[in-house]
Amino acid sequence: MVLLQLDPFLNELTSMFEKSKDKGSVWVTLKRSSLKSKLQKRKLSSAGESIEYRCLIRATDAKKTISTSVGAKDHLRFQASYATILKAHMTALKKRERKDRKKSTEAEKKEGTSTITAKATKKL
């Protein structure tokens, strides 16, 4: 697995989204990682040194996989760029139809009272 720098990763991610616009999916995973082996982690922890964790980000579209590693210093800039890319390429999502609570409760009340009055008139 080859780690790309931040800007080339974002450019490749944009091209992945554009290729899969008509048909296909892009999966993005984020994972905390120190990019060190277990043996190196044990040596650092026994020596009393702190381990710097990074965010490992992978993206795939079933044909191609790209990845990058983002440190604590660069995460704000990366997050802003990543959010911009996601907003620009999530145009195929359908908006959810929302019901107004006031209208639905009023309609239920009217239906409930009309059925009660209908039952009362049948008994008379």
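This text follows the structure it describes.
Residues numbered from 1 in each chain as written. Predicted model: local features only at pLDDT ≥ 70, side-chain atom pairs only at ≥ 80, totals over all residues. Heavy atoms only, no water.

## Remarks on the layout of surface pockets
Part 1 of the argument: Here the largest pocket is characterised by a volume of approximately 300 Å³.
Part 2 of the argument: Residue lining of the largest pocket: 14 residues in total, with Phe-17, Ser-20, Val-26, His-89 and Met-90 positioned closest to the centre.
Part 3 of the argument: The element contributing the most residues to the lining of the largest pocket is helix α3 (residues 75-89), with three residues.
Part 4 of the argument: Within this model, the second largest pocket holds a volume of roughly 160 Å³.
Part 5 of the argument: Around the second largest pocket, the lining residues are Glu-12, Ser-15, Met-16, Lys-19, Ser-20, Lys-23, Gly-24, Ser-25, Asp-61, Lys-63 and Lys-64. (1 Å grid on protein atoms, 1.4 Å probe; cavity = no way out; pocket = protein on both sides within 12 Å on 5 of 7 lines; lining within 4 Å. Points joined across faces, edges and corners; volume = space filled by probe spheres on them. Helix = DSSP H or I, 4+ residues; strand = E, 2+ residues; numbered from the N terminus.)

## What to know about α3
Part 1 of the argument: Between its terminal C-alpha atoms α3 stretches 21 Å, which fits the 21 Å expected from 15 residues at 1.5 Å a residue.
Part 2 of the argument: The secondary structure elements touched by the buried residues of α3 are α1 (6-19), β2 (27-33), β3 (54-60) and β4 (65-70). (Expected span 1.5 Å × (residues − 1). Contact = heavy atoms within 4.5 Å.)

## Thoughts on α1
Side chains three or four residues apart in an α-helix point the same way, a direct result of the helix having 3.6 residues per turn.
Part 1 of the argument: Here α1 is 14 residues long and its end C-alpha atoms lie 20 Å apart, about the 20 Å a rise of 1.5 Å per residue gives.
Part 2 of the argument: Residues of α1 that are buried sit in contact with β1 (3-4), β2, β3, β4 and α3.

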